[in-house]
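Coordinates in review
Listed below are the residues making up each chain.
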Amino acid sequence: MLRFVVRRLLVAALTLVVISLVTFGLFFAVPSSPAKVMCGKNCTAEDIAQVERRLGIDQPLPRQYADFVGGVFAGRTYGEGDFRQDCPAPCLGYSFRNNQPVTEIVAQRAPVTFSIVLGGAVLWLGLGISLGMVSALRRGTAFDRAAIGVTLAGASMQIYFFGLILLYLLVYSTGLLPFPSYTPLTESPARWAAGLLLPWMTLGFLNSALYARLSRAQMLETLSEDFIRTARAKGLPARQVHTRHALRAAITPIVTIAGLDIGTSLGGTFITETIFGLQGLGKATVEAVQFLNLPVVMATVLLAAVFIVVANIVVDVLYAVIDPRVRLG
């Protein structure tokens, strides 16, 4: 098991190195110099040269990349004299438009996105898998047909449509829920949950539709396997057959999709944050693109890649725990 995890970590490290090179290259992919973009239209050549020195982009590209990677682990300093700006580790760059290290921007926005995604994931995984499993066990009944109809409706809706409907019905019309907002969990758990309940409900209903349909299909396929018939022939209780044997085999492909969905969502939930007026990583990324705030774009793209890579590692480890054949392979 240890060798299995070490192999996955080495592959993940190599992947992140490649992604960091591509992300760093994005900084120089804009039509004009990043210094011209940040300095403005009326800057002279001397002003642009000064901005380049402050950004550290007057050095050769290999040196710039080495400084960028070194800043992540040891921090770095931008500019000199009156323009000196310290960026402590982990330094993901310095935004001269915001006049603060990018790490501070990420630290301010990331808890919002984490709270939205993790709370929503609990709902969509719990609701979706439970509904799909029960529907498979009651195949052909009125409950199964109703569940198929509800999940089909959920899979057909878009978040910007369903979210606005819930916002109108539960906030503006009835006042049953407060307007979505973010309160740090450490400050007030009750206000934290109340402010994010509506985004959680929106993500939970829409995303659970996919997991309900997938888990139902996987459960039906698993229940027809030979090892399930053998377990029943041995006289095992139905609950043990369904939970210990069928559920464990059926949930394996669901783990893959869940890990990728959560990892991708952590990279930024722009639509959800925009609909409900929440300032998370997704909103920060789009604002950075609009204003050509390139250090923030670089950092958020790199973080999104890190989330997805970490999610893949977690999925691989869970695979090995759920299915011993993965470790043997």
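Below is a short write-up of the structure. Please read these numbers as outputs of a predicted model, since none were measured by experiment.

Conventions used here
Residues numbered from 1 in each chain as written. Predicted model: local features only at pLDDT ≥ 70, side-chain atom pairs only at ≥ 80, totals over all residues. Heavy atoms only, no water. Helix = DSSP H or I, 4+ residues; strand = E, 2+ residues; numbered from the N terminus. Axes fitted to C-alpha atoms, helices over the stretch in contact; angles between N-to-C directions. Parallel < 35°, antiparallel > 145°, perpendicular 65-115°, else oblique. Left-handed = near helix turned anticlockwise from the far one by under 90°. Contact = heavy atoms within 4.5 Å. Nonpolar A, V, L, I, M, F, W, Y, C, P; charged D, E, K, R; others polar. Disulfide = S-S within 2.5 Å. Buried < 20%, exposed > 50% of the residue type's maximum accessible area, 1.4 Å probe, protein only.

Mapping V306 onto the fold places it in helix 14 (residues 294-322). Between the C-alpha atoms of V306 and T264, which are 42 residues apart in sequence, the distance is 9.8 Å.

One way to put it is that helix 8 (residues 189-223) packs onto helix 11 (residues 252-266) with a least axis distance of 10 Å and a crossing angle of 160°. One way to sum up the angle between helix 8 and helix 11 is to call them roughly antiparallel. In terms of crossing hand, the pair formed by helix 8 and helix 11 is right-handed. Across from L210, Y211, L214, S215 and Q218 in helix 8, the residues of helix 11 making contact are P253, I254, I257, A258 and D261. A breakdown of the residues in the contact of helix 8 with helix 11 according to their chemical character gives seven nonpolar, two polar and one charged.

In this section: the state of the cysteines. Taken as a whole and assessed by the stated rule, the structure comprises one disulfide. Here C87 is linked by a disulfide to C91, with a sulfur-sulfur distance of 2.1 Å. The sign of the S-S torsion, about 105°, decides the handedness of the disulfide formed by C87 and C91: right-handed. The pair formed by C87 and C91 is uniform in burial state, with each residue classed as buried.

Here we take up unusual backbone geometry. Residues A89 and P90 are joined by a peptide bond in cis, for which omega reads -5°. Within the secondary structure layout, P90 lies in the loop between strand 2 (85-87) and strand 3 (94-95). The backbone of N99 sits at a positive phi, close to 60°, despite the residue not being glycine. Looking at the secondary structure, you find N99 in the loop between strand 3 and strand 4 (100-101).

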